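As a plain string of letters, each chain reads:
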Amino acid sequence: MPEQQEQFQSAVWQVLEAVMFENWLRFYFISEKPDAPAGPDGEPPLFLAVPHKGMERIRELYPHLLPLAEDMNGQEANFESSRRAVCTFVLDNLDGKSMPKDMAAAIFESATFQIQMQLFNAWVQMHEEQLDQGFLEFGAWRKLFGQWRETPGGRELADRLALAGQGAARGGATVH
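Given the structure is predicted, the values throughout are model-derived calculations rather than measurements. (Residues numbered from 1 in each chain as written. Predicted model: local features only at pLDDT ≥ 70, side-chain atom pairs only at ≥ 80, totals over all residues. Heavy atoms only, no water.)

Describe in detail the nonpolar core, supporting the description with residues and values.
Counting 47 residues, the largest nonpolar core has Phe 21, Trp 24, Leu 25, Ile 58 and Trp 141 as its most contacted members. At the level of elements, α1 (3-29), α2 (52-61), α3 (66-72), α4 (79-94), α5 (103-109), α6 (111-132), α7 (138-149) and α8 (152-169) are the ones that each hand at least two residues to this core. The element that contributes the greatest number of residues to this core is α1, accounting for 13 residues. Ignoring anything within four residues of it in the chain, the contact list for Ile 58 reads Phe 21, Trp 24, Leu 25, Val 50, Pro 63, Leu 66 and Ala 69. (Core = buried A, V, L, I, M, F, W, Y, C linked by side-chain atoms within 4.5 Å. Buried < 20%, exposed > 50% of the residue type's maximum accessible area, 1.4 Å probe, protein only. Helix = DSSP H or I, 4+ residues; strand = E, 2+ residues; numbered from the N terminus. Contact = heavy atoms within 4.5 Å.)

Take a look at the structure:
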């Protein structure tokens, strides 16, 4: 694999890891603030509340992801705040540091990244009950997702997503 391609693949995984970590944070550390004013849906907003011990553990095990946890902790958790937190983290901590400057935009727009993100989202949905049974460290999520991607079902879904992406890129119909 040429060096540029390796660099790109590495960057894709770094950005995907940030997305996975943000998802993991929301999965285990989301809570309601009962005293917060109700949102437009009449429900109190959800906030990310990582306890002090949790932040210490993140600092110890995943120091490269700590800025993302610090940015999100105590903040309202919704689609827009999550997206903004990941993008900010990638631009501030990865782009121009562990990947070439200005590569982040190309990663976010790439079919490779979109497919991996769709695979991860599918994995979370398919394994939600298992993930909900008890707290799992982020490293366990990474390992379980990696193992699942290597299963026949994971590879088949990746292939289908790649084919659908190629069809969409050519302006053809997508496969569902």
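How would you explain unusual backbone geometry if you had to name every residue and give the values?
A negative phi angle is the norm for most residues apart from glycine, just as the trans form is the norm for most peptide bonds. In this structure, Asp 102 is a non-glycine residue whose phi angle is positive, near 70°. Its location among the elements puts Asp 102 in the loop between α4 and α5. You can call Asp 102 exposed: its relative accessible area is 58%.

Explain the confidence of the model for the chain to me, using residue names and the numbers behind them.
Taken as a whole, the chain shows an average pLDDT of 90; of its residues, 93% reach a score of 70 or greater. Taken as a whole, residues 172-176 scores under 50 in pLDDT and shows five contacts with residues more than four places along the chain or in a different chain. (pLDDT = per-residue confidence, 0-100.)

Please set out α6 residue by residue, giving values where relevant.
Helix length check: α6, at 22 residues, gives a terminal C-alpha distance of 30 Å against a target of 32 Å (1.5 Å per residue), a fit within 8%. At Met 126, α6 shows its strongest bend, of approximately 55°. Every buried residue of α6 is accounted for by Phe 113, Ile 115, Gln 116, Leu 119, Phe 120, Ala 122, Trp 123, Val 124, His 127 and Leu 131. (Expected span 1.5 Å × (residues − 1). Bend = angle between axes of the 7 residues up to and from the residue.)

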